[in-house]
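One-letter residues, chain by chain:
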Amino acid sequence: MFSGYASLKHCVEDLEKHGHLIRVKGMISPDLDLAEVQRRAYLAGSPALLFENVSGTSFPVLTNLYGTKDRCRFIFRGSLELVKLAVKMKADPGKFAAEFSKFAMRHPMSALKFPLTGMRSLPQRRPQKWSPVMQNQTTIAHLPQIRAWPRDGGAFITLPQVLSCDVRKPRLMSSNLGMYRVQLSGNQYVSNQEVGLHYQIHRGLGVHHQIALDKGKQLPVSIFVGGPPAHTLAAVMPLPEGMSELVFAGMLADRAFRYNKFGKNIVSADADFCIVGRIGRDIKPEGPFGDHLGYYSLTHDFPVMKIDKIFHRDGAIWPATVVGRPPQEDTMFGELIHEIAGPMIPKELPGVRELHAVDAAGVHPLLLAIGSERYVPYDKGKPREILTQANSILGFNQCSLAKYLFIAEESPGLHTHNIQDFLSHCLERVDWARDLHFQTRTTMDTLDYSSEGLNEGSKVVIAAAGEKKRVLATQVPSSVTFDPGFGDPRIATPGILCLRAPKFKDYASATIELGILCKSLEKTPLVGVGIIVLCDDSAFTAANLNNFLWATFTRSNPSHDIYGVGSFTDHKHWGCTGALVIDARIKPHMAPPLEDDPAVQRRVDDFIQQDVLLKKYL
């Protein structure tokens, strides 16, 4: 029975043995070229790639490790079902006996291990001589200097595990292990002495940093790279309250998290690299960086980490990925998170049946949810309890960063992961005069540039309950003409029409333009159209579901960019009697979208042609 990996090298050898990994022998530049190969590898569903010769470093680079669902299941084949069972036990202890019986029938050997899983997963301290990562030291300049997009401000670590503790009670079990952006070079960082540490709002590292500053102390921070693949997944996992990321890492790795200490810093004994240092009050410009919303996050001031030591093990491997418009390799993280944590949703959010942060929309901009309606069982037909549940969702963990929340009353066969059917279900039932609920001038995802201010923006809840109110259009209504400047109407998905609009100038001009458009549509309504999306390129936006989701929800700020046909305000409630209009044009204050460099693409074309295995898969 497979019992997990002791190291990343162990994982690489196992993947290669089973045909899940290929070695890339040719010399490749970490500056744009390596990332371009990875993007192609992910889209092609290729094996993981181990680049053995990367210019400027002696360390090999591993990419596409998590690139397919089948490979992720293979990597975690000895522990995934056990971890899912543990989460189900925590979610619903009353049903655990039945769940365990089913599990034991399918996995008898794992069932025998289950009672001691928690104890076996507790972190274990190791002396330095038994900590492989502490065998060698290096410098920032000798690490792989990977830059993924042309405007990136320097080289970044893209799969870091960043650990911090509360300085008041620095206990390992109450530590925070998260994945935060780390800039290795560029900007004003002192070479080999400083790195940039970017954390967004609502992050555990930020809480620990604030506590340290309040105490007049620096915060010890450790950055782990590599190690058992379970450690990387643990760093991105939104765990239930009270569950340690390090215990979860031990469960998923089927091997306890082993650690040592260097001064006040924790060192992951099994990591390939460990950067130890501290952050205080110093800040410097960090970025730009091509991010998972599909745009550059721009240059802003963030904390500077002062480096004390950089350790690495013998034969260390540097894992990396590419962050960019979804889907990318980190899409697999989202799927694993949904699979593992899904059963916890009803426990953490009573009444909520399903929750889906939509990857194609950049994750945080769009949430889909299904809730229950039990408040007035004898008088159904309009949202009541699901509005309470919507408030709970928007106050829950990283869901608080959501911008659009569509929530529907539960219905047989309705699921949030069937996105098109879910949106159609909502549009068939929503009453735009009643079912829009805004939060304005609130905190927003640091990476979302749809608002004019950093960390600022708005939210809207769109609730749908009751019976069908309309039949959705699947073709553009033929009888409607549009005002000059608007045109090329296309149906993106039933009931949603994309309309090319004039280039956005400013909000004053947009208010006038859209006021005229909405007035004209009052006279000649678009039958069966629930949402009109104004965009720069309607052919692109309507070409497929992913394009629609990305362009619509990353390029609009609800309070500023939602309009409506027949709009009104009644006692501070805003609604409309006709179609909802979302202005998803690119605005001047937005960050530029990520675009490939043709010169890099040509270089990579040549590189692939010279590698027999790459040519076979890419």
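The coordinates are above.
Residues numbered from 1 in each chain as written. Predicted model: local features only at pLDDT ≥ 70, side-chain atom pairs only at ≥ 80, totals over all residues. Heavy atoms only, no water.

(A) Representation of the overall build of the protein within the structure. Scanning the protein from terminus to terminus reveals 20 helices and 30 strands. What you see for the protein is a C-alpha radius of gyration of 25 Å, in line with the 25 Å of a compact globule of 618 residues. By its C-alpha atoms, the protein is 80 × 60 × 55 Å across when sized along the principal axes. Long-range pairs, those at least 24 residues apart, make up 73% of the contacts in the protein with a sequence separation of at least 6. (Helix = DSSP H or I, 4+ residues; strand = E, 2+ residues; numbered from the N terminus. Rg over C-alpha atoms; globule rule 2.2 N^0.38 Å. Contact = heavy atoms within 4.5 Å.)

(B) Here's a closer look at the layout of surface pockets. Here the second largest pocket defines a volume of roughly 430 Å³. Looking at the second largest pocket, it is lined by 18 residues, and the ones nearest its centre are Trp149, Arg325, Gln328, Leu594 and Asp596. Looking at the lining of the second largest pocket residue by residue, the classes come out as eight nonpolar, three polar and seven charged. (1 Å grid on protein atoms, 1.4 Å probe; cavity = no way out; pocket = protein on both sides within 12 Å on 5 of 7 lines; lining within 4 Å. Points joined across faces, edges and corners; volume = space filled by probe spheres on them. Nonpolar A, V, L, I, M, F, W, Y, C, P; charged D, E, K, R; others polar.)

(C) Highlighting the side chain of Thr493. Note that Thr493 resides in strand β24 (residues 487–493). Among the polar contacts listed, one links the side chain of Thr493 to the side chain of Gln420, at a separation of 3.4 Å. (Polar contact = N/O pair within 3.5 Å; in protein donor to acceptor, adjacent residues only side chain to side chain.)

(D) Spatial organisation of a nonpolar patch on the surface. On the surface, Leu613, Tyr617 and Leu618 cluster together into a nonpolar patch covering about 210 Å² of accessible area. With respect to the element layout, Leu613 can be found in helix α20 (residues 612–617). (Patch = residues over 30% accessible without salt bridge, like charges linked within 9 Å, V, L, I, M, F, W, Y side chains within 5 Å. Areas by Shrake-Rupley, 256 points an atom, 1.4 Å probe, with all protein chains shown as cover. Salt bridge = Lys/Arg side-chain N within 4 Å of Asp/Glu carboxyl O.)

(E) Fine view of the nonpolar core. With 58 residues, the main nonpolar core has Leu62, Leu65, Phe76, Phe224, Phe248, Leu252 and Ile340 as its most contacted residues. Among the elements that make up this core, the one with the highest residue count is helix α10 (residues 245–253) (seven residues). With sequence-adjacent residues up to four places away left out, Phe248 is seen in contact with Val83, Ala234, Met237, Leu239, Met243 and Ile340. Ranked by size, the runner-up nonpolar core spans 46 residues in total, among them Leu34, Leu49, Val61 and Val195. (Core = buried A, V, L, I, M, F, W, Y, C linked by side-chain atoms within 4.5 Å. Buried < 20%, exposed > 50% of the residue type's maximum accessible area, 1.4 Å probe, protein only.)

(F) Quick look at the environment of Arg120. Within the secondary structure, Arg120 is located in helix α7 (residues 117–120). Residue class for Arg120 comes out partly exposed when judged on its relative accessible area of 37%. Between the C-alpha atom of Arg120 and that of Met251, which follows or precedes it by 131 residues, the distance is 7.9 Å.

(G) Seen up close, helix α19 (residues 598–609). Taking 1.5 Å as the rise per residue, α19 with twelve residues should run 16 Å; its terminal C-alpha atoms sit 17 Å apart, in good agreement. In the core, the buried residues of α19 are packed alongside β1 (21–24), α2 (33–44) and α20. Where α19 starts, the residue carrying a side-chain oxygen 2.9 Å from the main-chain nitrogen of Ala599 turns out to be Asp597. (Expected span 1.5 Å × (residues − 1).)

(H) Structural context of empty space enclosed by the protein. Scanning all chains against the criterion turns up seven cavities of 30 Å³ or more. In this structure, the largest cavity spans a volume of roughly 70 Å³. Taken together, Leu293, Tyr295, Leu447, Asp448, Tyr449, Ser450, Thr554, Arg555, Met590 and Ala591 make up the lining of the largest cavity.

(I) Molecular detail of unusual backbone geometry. Cis geometry is found at the peptide bond from Gly287 to Pro288, where omega equals -5 degrees. By the secondary structure assignment, Pro288 is in the loop between β14 (273–286) and β15 (289–290). In this chain, Pro326 is followed by Pro327 through a cis amide linkage whose omega measures 0 degrees. Counting through the fold element by element, Pro327 comes out in the loop between β18 (318–319) and α11 (331–341). Positive phi, close to 55 degrees, is recorded for Asp254, a residue that is not glycine. Position of Asp254 among the secondary structure elements: in the loop between α10 and β12 (258–262). Residue Asp254 is classed as buried on the basis of its relative accessible area, which comes to 10%. The backbone phi angle of Lys572 is positive, close to 70 degrees, even though this residue is not glycine. Among the structural elements, Lys572 can be located in the loop between β28 (567–570) and β29 (573–576).

(J) Region of interest: the pairing of strand β21 (residues 404–409). The element β21 is extensively covered by neighbouring structure, given that six of its six residues are classed as buried. Alternating residues of β21 divide into Tyr404, Phe406 and Ala408 and Leu405, Ile407 and Glu409, and every residue in both groups is buried. Across six bridges, the pairing between strand β20 (residues 366–371) and β21 is parallel. Of the residues in β21, the one forming a bridge with Ala369 is Ile407. (Pairing = 2+ DSSP bridges.)

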